[in-house]
Amino acid sequence: MHRYIEYISDLLYLHDCVILPGFGGFICNYSSAYVDENSGMICPPGKTILFNRNLTHNDGLLVSWIAAKENLPYDKATAQLSLFCEDLKIRLNQQQRVSFGDIGVFYTDRRFNIIFEDGKHNFFADALGMEPLPAEAAPKTKPAATQATVRTAAPDMSAYIDMASSGNVFLRLLKYGLAAAIITGVVVISQLDIFHFPAGNKITHSTSIQPELSSAKRAADAVTYDSVISPAHDYVDYDPIDDLAW
């Protein structure tokens, strides 16, 4: 493999676009982690490579890298890279397959259009060393037991209780309870003095707490007195000269 191909591969780890002047440019395509439904594997995030035939302008990135690696002047590095591109085009015109290592493979179709096949290599530096892992199914959790299932069932007491006889006992207790309630209500009502008897009956009842007064006492209390509020005249006839005569 040519050393320039190794330089391009190194730059693809650091940059998203590397242009080979006069030939085309390599563009990075990012992808997040995903689960392959066919293989059932968890694939890490990656960066795959696309090729664009229209990116032929020299941006100086690859030439500067070659000049730094081989300690060459910029002009000489540019000339050597141009010779490499011309040799690449000749080989493709001869319908040869040109391998670019981990980057991919170039070849031409019947109309001499350049075709690029991605090498399926992950150029994402942060995912370096990561490999696909098998996806394990999450364990099925049992549904939480409901309160009805957790609670201890009440014992069946039907075997110890005669349901026919117990119904008769319940009816008798209900009758006795109603009778006792009626008697209690009558006693309470009689104590509250709700019922009154007419005056002609032998039984008389008075709700007054104080004893009745005698007829003489009532007559004495009925006497009224006339009170004089003021004299018949409104003033006193007084002459001071009469006092001097004394």
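Relevant structure appears above.
Residues numbered from 1 in each chain as written. Predicted model: local features only at pLDDT ≥ 70, side-chain atom pairs only at ≥ 80, totals over all residues. Heavy atoms only, no water.

## Section: the layout of surface pockets
Item 1. Space inside the largest pocket adds up to approximately 250 Å³.
Item 2. Residue lining of the largest pocket: Ser31, Tyr34, Cys43, Pro44, Gly46, Lys47, Thr48, Asp118, Lys120, His121, Asn122 and Pro132, and that is the complete set.
Item 3. For the lining of the largest pocket, the leading source of residues is strand β5 (residues 46-52), giving 3 residues. (1 Å grid on protein atoms, 1.4 Å probe; cavity = no way out; pocket = protein on both sides within 12 Å on 5 of 7 lines; lining within 4 Å. Points joined across faces, edges and corners; volume = space filled by probe spheres on them. Helix = DSSP H or I, 4+ residues; strand = E, 2+ residues; numbered from the N terminus.)

## Brief notes about the packing of aromatic side chains
The description of an aromatic ring pair rests on the distance of the ring centres and on the angle between the ring planes.
Item 1. This model, assessed by the stated rule, comprises 14 aromatic pairs.
Item 2. With a centroid separation of 5.0 Å and 75° between ring planes, the pair formed by phenylalanine 100 and phenylalanine 106 is classed as edge-to-face. Each member of the pair phenylalanine 100 and phenylalanine 106 is classed as buried.
Item 3. An aromatic cluster of at least three residues, connected via ring pairs, comprises Phe23, Phe26, Phe51, Phe100, Phe106 and Phe116. (Phe/Tyr/Trp six-rings, centres within 6.5 Å; stacked < 30°, edge-to-face > 60°. Buried < 20%, exposed > 50% of the residue type's maximum accessible area, 1.4 Å probe, protein only.)

## Thoughts on the sheet that holds strand β8 (residues 114-118)
Strand pairing in a sheet relies on backbone hydrogen bonds. The paired strands run either parallel or antiparallel.
Item 1. Taken in spatial order, the 3 strands line up as β6-β7-β8 in an open sheet, and their pairing is antiparallel. In this open sheet, the two edge strands, each paired with only one partner strand, are β6 (98-99) and β8.
Item 2. As defined by bridge partners, β6 adjoins strand β7 (residues 104-108) across 2 bridges and the pair is classed as antiparallel. What sits directly across from valine 98, in β7, is phenylalanine 106. (Pairing = 2+ DSSP bridges.)

## A closer look at helix α2 (residues 61-70)
Item 1. Inspection of α2 places Leu62, Val63, Ile66 and Ala67 among the buried residues, and these make up the whole buried set. When α2 is viewed along its axis, its buried side chains cluster within an angular range of 135° and face the same direction.
Item 2. Tucked inside the fold, the buried residues of α2 contact α1 (3-14), β1 (17-20) and α3 (74-93).
Item 3. Once α2 finishes, asparagine 71 follows within two positions and takes phi at roughly 55°, a positive value. (Arc of directions from axis to C-beta. Contact = heavy atoms within 4.5 Å.)

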